[in-house]
Amino acid sequence: MIVNKNNTASQWRKSMVITEADKKVTAFHEAGHTLVAALMPGADPLHKVTIIPRGRALGVTWSLPEADRLSYTKTWAEAKIAMAFGGRVAEQLVYGEDHLNTGASSDINQATSIARSMVTEYGMSEKLGPQTYTRDARSAHLDLGLRTREREYSEQTAQEIYEEITRIVSDAHQHVHSILCQQ
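Residues numbered from 1 in each chain as written. Predicted model: local features only at pLDDT ≥ 70, side-chain atom pairs only at ≥ 80, totals over all residues. Heavy atoms only, no water.

Where helix α3 (residues 105-120) meets helix α4 (residues 155-182), the axes come as close as 9 Å, and the angle between the chain directions of the two elements is 130°. By the criterion of interaxial angle, the relationship of α3 to α4 is oblique. The two elements α3 and α4 meet at a crossing, and its hand is right-handed. Residues A111, T112, A115, R116, M118, V119 and T120 of α3 touch α4, and the partners they reach there are I161, E164, I165, I168 and V169. Residues belonging to the contact of α3 with α4 are distributed by class as follows: eight nonpolar, two polar and two charged. (Axes fitted to C-alpha atoms, helices over the stretch in contact; angles between N-to-C directions. Helix = DSSP H or I, 4+ residues; strand = E, 2+ residues; numbered from the N terminus. Parallel < 35°, antiparallel > 145°, perpendicular 65-115°, else oblique. Left-handed = near helix turned anticlockwise from the far one by under 90°. Contact = heavy atoms within 4.5 Å. Nonpolar A, V, L, I, M, F, W, Y, C, P; charged D, E, K, R; others polar.)

The next thing to look at is the packing of aromatic side chains. Tallied over the full model, the rule gives three aromatic pairs. When the ring of Y72 is compared with that of W76, the centres are 4.3 Å apart and the planes differ by 40°; the resulting orientation is tilted. Note on Y72: relative accessible area 44%, which makes it partly exposed. Seen in terms of ring centroids, Y133 and Y153 are 5.9 Å apart; in terms of plane orientation they differ by 80°. Their pairing is edge-to-face. Of this pair, Y133 sits in the loop between α3 and β5 (135-138) while Y153 sits in the loop between β6 (147-150) and α4; the two residues are 20 residues apart in sequence, bridging distant segments of the chain. Among the residues examined, Y133 registers a relative accessible area of 9% and is labelled buried. (Phe/Tyr/Trp six-rings, centres within 6.5 Å; stacked < 30°, edge-to-face > 60°. Buried < 20%, exposed > 50% of the residue type's maximum accessible area, 1.4 Å probe, protein only.)

Here the focus is the environment of S63. With respect to the element layout, S63 can be found in strand β4 (residues 60-63). Given a relative accessible area of 11%, S63 falls into the buried group. Placed 18 residues apart in sequence, S63 and P45 show a C-alpha to C-alpha distance of 5.4 Å. Apart from residues no more than four positions distant in its own chain, S63 is found in contact with D44, P45, L46, H47, K80 and M83.

The subject of this paragraph is the packing of helix α1 (residues 20-39) against α4. Relative to each other, α1 and α4 sit at 95°, their axes nearing to 10 Å. Here α1 is positioned roughly perpendicular relative to α4, judged by the angle of their axes. On the side of α1, the interface is formed by G32, L35, V36 and L39, while α4 contributes V176, I179 and L180. By residue class, the composition of the contact of α1 with α4 is six nonpolar, one polar and no charged.

What follows deals with a nonpolar patch on the surface. Together, F28, L93, V94 and Y95 line one region of the surface with nonpolar side chains, adding up to about 300 Å² of accessible area. Top element by residues in the nonpolar patch is helix α2 (residues 74-95). It accounts for three residues. Here F28 shows up in helix α1. (Patch = residues over 30% accessible without salt bridge, like charges linked within 9 Å, V, L, I, M, F, W, Y side chains within 5 Å. Areas by Shrake-Rupley, 256 points an atom, 1.4 Å probe, with all protein chains shown as cover. Salt bridge = Lys/Arg side-chain N within 4 Å of Asp/Glu carboxyl O.)

Moving on, we get to α2. Taking 1.5 Å per residue as the helical rise, α2 with its 22 residues ought to reach 32 Å, and the 32 Å between its terminal C-alpha atoms agrees with that figure. Two residues or fewer past α2, G96 is found with a positive phi of approximately 95°. (Expected span 1.5 Å × (residues − 1).)

Further remarks concern the side chain of D107. For D107, the position within the fold is in helix α3. Among the polar contacts listed, one links the side chain of D107 to the side chain of H33, at a separation of 3.2 Å. When near neighbours in sequence (up to four residues on either side) are disregarded, D107 contacts H29, H33 and A84. (Polar contact = N/O pair within 3.5 Å; in protein donor to acceptor, adjacent residues only side chain to side chain.)

Here the focus is the confidence of the model for the chain. Here the chain shows a mean pLDDT of 84. Residues at 70 or above account for 82%. Of the regions scoring below 50 in pLDDT, residues 1-13 engages in 15 contacts with residues more than four places distant in sequence or in other chains. (pLDDT = per-residue confidence, 0-100.)

It is worth spelling out the nonpolar core at this point. V36, I81, F85, M118 and V176 are the most contacted members of the largest nonpolar core, which totals 29 residues. Elements supplying a minimum of two residues to this core: α1, α2, α3 and α4. Tallying contributions element by element places α2 first for this core, with ten residues. Discounting residues that sit within four places of it in the chain, V176 has contacts with V36, A82, F85, G86 and V89. (Core = buried A, V, L, I, M, F, W, Y, C linked by side-chain atoms within 4.5 Å.)

Following this line, the structure appears as structure tokens:
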């Protein structure tokens, strides 16, 4: 959003012109998310797919659970990570490796965040076991309820956590590549 001199917000997307080439890239990107969501066991069903810009995104693929959930499975988390990579991999398959762009940055962030939670919070790593590696701590500054993460493990364990997150993300990316190459 852009704020004008009268401090009123206006949607910058209203006047944005999206080229036919960008529309096509967005369509392939969202199709990749859609295919992976439809083919991954444990993925939530698709709810809506659009290539009409929404906020900062040029397109969006939504999936929603069929019922309310109180907990999530490892299969669901792996499907969510795979779905996040569907768009980027689809673009790479259509346009080639040299086409990498910034469009998948929030997808990569989401995939990495889920993988990190699997390893550090949910005990979903065979290598590191059923243990948490994060601890919330209240901010000492004015006790405003701000939360930070404290690390209570060695540099070696930090390296193992990093390697495990990297493995999960890399394995998902390769799996999505093989799924989309078969289609």
